[in-house]
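# Examining the three-dimensional arrangement
One-letter residues, chain by chain:
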Amino acid sequence: MTSRTVEIGVGIFVALGMAALFMLAMKVSNLAAYRTGPSYEVTARFEDVSGLKVRSPVTMAGVRIGRVKAIEFDDEALQAVVTLEIAQRHNRLPRDTSASIYTAGLLGEKYIGLEPGGEEESLRPGDQIRLTQDSMVLEKLLSQFIAKFLEDKRQ
Amino acid sequence: MVNTLRMLGRTGLDFFQRLGRAHLLLLAVLAGVPPLALRFSLVIRQLHSVGVLSLLIILVSGLFVGMVLGLQGYNTLVDFGAAESLGVVVALSLVRELGPVVTALLFAGRAGSALTAEIGLMKATEQLSAMEMMAVDPVRRVLSPRFLAGFLAMPLLAAIFSAVGVLGGWFVGVGLLGVDDGAYWSQMQAKVDLYDDIWNGVVKSIVFGAVVTWIAIFEGYDAVPTSEGVSRATTRTVVHSALAVLGLDFILTALMFGD
Amino acid sequence: MNDTPLVRIRDLHFARGDRPIFDGVDIDIRRGSVTAIMGPSGTGKTTLLRLIGGQLRPDRGSIEVDGEPVHRLRGTALYTLRKRMGMLFQNGALLTDMDVYDNIAFPLREHTELSEELIRILVLMKLEAVGLRGARHLMPSELSGGMARRVALARAIALDPMMVMYDEPFTGQDPISMGVLVRLIRTLNDALGLTSIIVSHDIEETRAIADYIYLLSGGRVVAEGTSAELEASDSAWARQFLHGEPDGPVPFHYPAPDYAEDLLAGTEAA
């Protein structure tokens, strides 16, 4: 076998391998979600963030506009502090925007949904979202429902 | 009784001796890797025999494994009404586990055994001795390029295996079973993480590639220089590589995903 | 010309495991000569070549090649010395993944910075010397045993060494290629000013070209001299070996208990 065919074969092999890695990165994985471009951060406080993860999506009107950057615990307030990273071009969200934790489908992953308020002024980088609604925990919901059901029955 | 003990002791000592030899050889081989930058054509030749010649079996197996995953995954998921998650199931199984592991096993069978047989025969036909007498270090001239080639080829092969598998799953799921095309890809992209899944899979395949190639060249270099010795060494390469890959897979998985 | 021997072996001891191979061997190889080391199979003739080449180390004693103590050399010094030694292995030991041309070019490419044009000239010269210039594009698997050895010989002299060691060059050759090899060894030795060491048990061929012969047995030199001297020697050992007598100092029988007793011993003990 001439060295030319060997080299061509190896070239094709390496190109194929690189193409496969590229496809895995671009088409299979969430690489697209990493490239948020310029962004700004706001925080939000929740009583309960069960199920929410770093890099969970942040959406408004069902459209993804950012992602969760960090989840920390505030020892003073005993609350969860979530840092949201929102794309720079969505920098005109009203100040009184509220944040809720939703579940995609019954068992799907958690994400943060933002609902716009009515104020003129916009959220600035570093601001805190005041209005929040906690993660809906299925067990809590069920126990509340059962308690109510039993109460109704007793009456 | 005493004989049994003596035999056990000897087997143990032999084992440690081989283990020591294998590590010393690895050091010598690694020392020969940097100078290869100046003579990369040696590595190209080996990339051809290790990588290009393994390509066909990797492509075909990847495709079929992906198709089987598509079929099995669909049958399980459809009971939960979650057939849209097929993409996630196929991609995660491939990228995290099946890609690196199955590729490494095939690599051991195709490239590893060929390496052992080739080096063992070079030893049996005194080619390695002849090199030494020509003042050419066979470890650097013969083993190092092969080691580097195996090390480089394995992650590429594993990536090709996974990519083809994802396409195979797509073909069965979307093409034949009617899963939504958009859901297949978007769910996959939402759940497969670049670092946690893809990168860790690549790390696994790099480790497997290095270990399988190491075992293969050690067995070849350490083979008893007869036809029987070489055939035994070839068998050992495949068996030891398979065990090493599966054992290491457990350890690496525990380290990477066990949080 | 320097009169000291090119290779000087003194009090050589070497054992493989528990089995002693050499037990106090003294050998001198004169510069420019063809010296034969002969002996029955299993006397460690090949081992001797490996000891001279520094691939094995003696347990005791010294081996000097051109004044350099091979038994103490390591790494670069040993490799530098080896560039001046050629060795012809029993079956040629050609590199099977290259053709004849590349095999001979191999040492040149590894050790010199010569241009491909110069390498081509050198390779063709060496091939011409062994009469195989026309076979340069054949692969080793396409060569007959005799041709493979001639190619290996061309490779062994590629770097113009000071000495060439031949490991059983005549074994398994048909009469024609045997004759070719015998003539080649002698003419190359004289034309290139080499020193040759031949390890062999083919008596006729070796005696025809050797200037000096050492007979080895049981780890010692049992007889030495020119062919004529050995012929005239009264050593029982030399006589048995040179004339291929079945019995003599090397017994026909492997050591065994008394024959009659053995026959009457009943069943074979496990």
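Residues numbered from 1 in each chain as written. Chains lettered and ligands numbered in written order. Predicted model: local features only at pLDDT ≥ 70, side-chain atom pairs only at ≥ 80, totals over all residues. Heavy atoms only, no water.

## Here's the deal with the overall build of chain C
For chain C, the helix and strand inventory stands at 10 helices and 10 strands. With the C-alpha coordinates of chain C rotated into their principal frame, the extents come out at 75 × 45 × 40 Å. Looking at chain C as a whole, 49% of its 270 residues qualify as buried. Taking the intrachain contacts of chain C between residues at least 6 apart in sequence as the baseline, contacts between residues at least 24 apart amount to 62%. (Helix = DSSP H or I, 4+ residues; strand = E, 2+ residues; numbered from the N terminus. Buried < 20%, exposed > 50% of the residue type's maximum accessible area, 1.4 Å probe, protein only. Contact = heavy atoms within 4.5 Å.)

## Description of a nonpolar patch on the surface
All names here are of chain A. A surface patch of nonpolar side chains, amounting to about 780 Å² of accessible area, comprises M136, L138, L141, L142, F145, I146, F149 and L150. Relative to the elements of secondary structure, I146 occurs in helix α3 (residues 138-154). I146 gets classed as partly exposed once you look at its relative accessible area, which sits at 44%. (Patch = residues over 30% accessible without salt bridge, like charges linked within 9 Å, V, L, I, M, F, W, Y side chains within 5 Å. Areas by Shrake-Rupley, 256 points an atom, 1.4 Å probe, with all protein chains shown as cover. Salt bridge = Lys/Arg side-chain N within 4 Å of Asp/Glu carboxyl O.)

## A short note on the nonpolar core
Among the nonpolar cores identified, the biggest contains 114 residues, and I52(C) and M163(C) are the most heavily contacted of them. Per-element accounting of this core gives the leading share, 18 residues, to helix α5 (residues 138-176) of chain B. Look past the residues within four positions of M163(C) in its chain and what remains in contact with it is L6(C), V7(C), I52(C), V65(C), R84(C), M85(C), G86(C), T195(C) and I197(C). (Core = buried A, V, L, I, M, F, W, Y, C linked by side-chain atoms within 4.5 Å.)

## A word on a negative patch on the surface
Taken together, D258(C), E261(C), D262(C) and E268(C) make up a surface patch of like negative charges. Look at E268(C) and you get exposed, because its relative accessible area is 76%. (Lys, Arg positive; Asp, Glu negative; His and termini not counted. Charge placed at Lys NZ, Arg CZ, Asp CG, Glu CD.)

## A closer look at the domain arrangement of chain A
Structurally, chain A comprises domain 1 (1-32) and domain 2 (39-143). Of note, the centres of domain 1 of chain A and domain 2 of chain A, computed from C-alpha atoms alone, are 40 Å apart. (Domains from an automatic or database assignment.)

## Points about the interface of chain B and chain A
Of the residues lining the interface, 30 residues belong to chain B; the matching set on chain A comes to 24 residues. For the pair chain B and chain A, the summed buried area comes to about 2300 Å², and 79% of that belongs to carbon and sulfur atoms. Considering only the surface of chain B that becomes buried against chain A, L156(B), Q189(B) and L194(B) emerge as the three largest contributors, covering 23% of it. Put simply, chain B and chain A have one residue pair in polar contact (both at pLDDT 80 or more) between them. Breaking the side of chain B that touches chain A down by element, the ones donating at least two residues are α2 (40-77), α3 (86-124), α5, α6 (181-191) and α7 (194-222) of chain B. (Buried area = accessible area lost by both parts, 1.4 Å probe. Polar contact = N/O pair within 3.5 Å; in protein donor to acceptor, adjacent residues only side chain to side chain.)

## Overview of the arrangement of the chains
Where two pairs of chains are in contact, the pair with the most contacts is made of chains A and B. There is no contact between chain A and chain C; across them, the least C-alpha separation is 10 Å.

## Thoughts on the packing of aromatic side chains
Two aromatic rings, taken as a pair, are described by how far apart their centres are and by the angle between their planes. Counted under the stated rule, the structure contains five aromatic pairs over all chains. A centroid spacing of 5.3 Å and a plane angle of 90° characterise the contact between Y184(B) and W185(B), whose relative ring orientation is edge-to-face. According to the relative accessible area criterion, Y184(B) is buried, its value standing at 0%. Between the NZ or CZ atom of K27(A) and the centre of the ring of W185(B), over which it lies, the distance is 4.4 Å. (Phe/Tyr/Trp six-rings, centres within 6.5 Å; stacked < 30°, edge-to-face > 60°. Lys NZ or Arg CZ within 6 Å of the ring centre and 35° of its normal.)

## Re α3(B)
Helix geometry: α3(B) is bent most strongly at L94(B), by close to 55°. Among the residues trailing α3(B), E126(B) stands out with phi positive, at a value near 65°. (Bend = angle between axes of the 7 residues up to and from the residue.)

## Points about the environment of G145(C)
Here G145(C) is to be found in helix α5 (residues 145-156). When its relative accessible area of 41% is taken as the criterion, G145(C) is described as partly exposed.

## Some points on the packing of helix α3 (residues 100-111) of chain C against α5(C)
All names here are of chain C. Close contact between α3 and α5 brings their axes to 8 Å; oriented N to C, the two are set at 25°. Classed by the angle they form, the pair α3 and α5 counts as roughly parallel. Seen along the crossing, α3 lies across α5 with a hand that is right-handed. Along the contact surface, α3 presents V100, N103, I104 and P107, while α5 presents V151, A154 and R155. Considered class by class, the residues forming the contact of α3 with α5 number five nonpolar, one polar and one charged. (Axes fitted to C-alpha atoms, helices over the stretch in contact; angles between N-to-C directions. Parallel < 35°, antiparallel > 145°, perpendicular 65-115°, else oblique. Left-handed = near helix turned anticlockwise from the far one by under 90°. Nonpolar A, V, L, I, M, F, W, Y, C, P; charged D, E, K, R; others polar.)

## A word on the pairing of strand β6 (residues 110-115) of chain A
Residue and element names in this part refer to chain A. Two strands pair when backbone bridges link them, and strand β2 (residues 57-60) and β6 are joined in this way by three bridges, in the parallel orientation. The residue of β6 that forms the bridge with M60 is L114. Summarising the sheet, strand β5 (residues 98-103) and β6 pair through six bridges and their orientation is antiparallel. Its bridge partner lying in β6, I101 is registered against I112. (Pairing = 2+ DSSP bridges.)

## A look at empty space enclosed by the protein
For the coordinates displayed, the defined rule picks out two cavities of 30 Å³ or more. In this structure, the largest cavity spans a volume of roughly 130 Å³. Together, 15 residues line the largest cavity, and M134(B), M85(C), G86(C), M87(C) and A156(C) are the ones closest to its centre. Elements supplying a minimum of two residues to the lining of the largest cavity: α4 (127-133) of chain B together with β6 (85-88) and α5 of chain C. Approximately 80 Å³ is the volume attributed to the second largest cavity. Listed by contribution, the elements that provide at least two residues to the lining of the second largest cavity are α1 (3-28) of chain A together with α3, α5 and α7 of chain B. Looking at the lining of the second largest cavity residue by residue, the class counts come to nine nonpolar, three polar and no charged. (1 Å grid on protein atoms, 1.4 Å probe; cavity = no way out; pocket = protein on both sides within 12 Å on 5 of 7 lines; lining within 4 Å. Points joined across faces, edges and corners; volume = space filled by probe spheres on them.)

## Concerning the side chain of K110(A)
All names here are of chain A. As for its position among the elements, K110 is in strand β6. No salt bridge is formed by the buried K110. Its closest oppositely charged neighbour is D48, at 7.8 Å. Looking at K110, its side chain comes within polar contact range of the side chain of T103, at 3.2 Å. With residues up to four places along the chain from it excluded, the contact list for K110 reads S50, G51, L52, S56, P57, I101, Y102, T103, S135 and M136.

## Examining the environment of Q133(A)
Residue and element names in this part refer to chain A. Relative to the assigned elements, Q133 resides in strand β8 (residues 131-133). In this structure the C-alpha to C-alpha distance between Q133 and I65, which are 68 residues apart in sequence, comes to 19 Å. When neighbours within four sequence positions are excluded, Q133 is seen to be in contact with F46, A99, S100 and I101.

## Considerations on the layout of surface pockets
A probe as big as a water molecule, rolled over the atoms, marks out the empty space that is left. The computed volume of the largest pocket comes to approximately 1100 Å³. Every residue lining the largest pocket is counted, 35 residues in all, and those nearest its centre are L42(B), R45(B), R141(B), D97(C) and M98(C). With eight residues, the top contributor of residues to the lining of the largest pocket is α2(B). Considered class by class, the residues forming the lining of the largest pocket number 14 nonpolar, eight polar and 13 charged.

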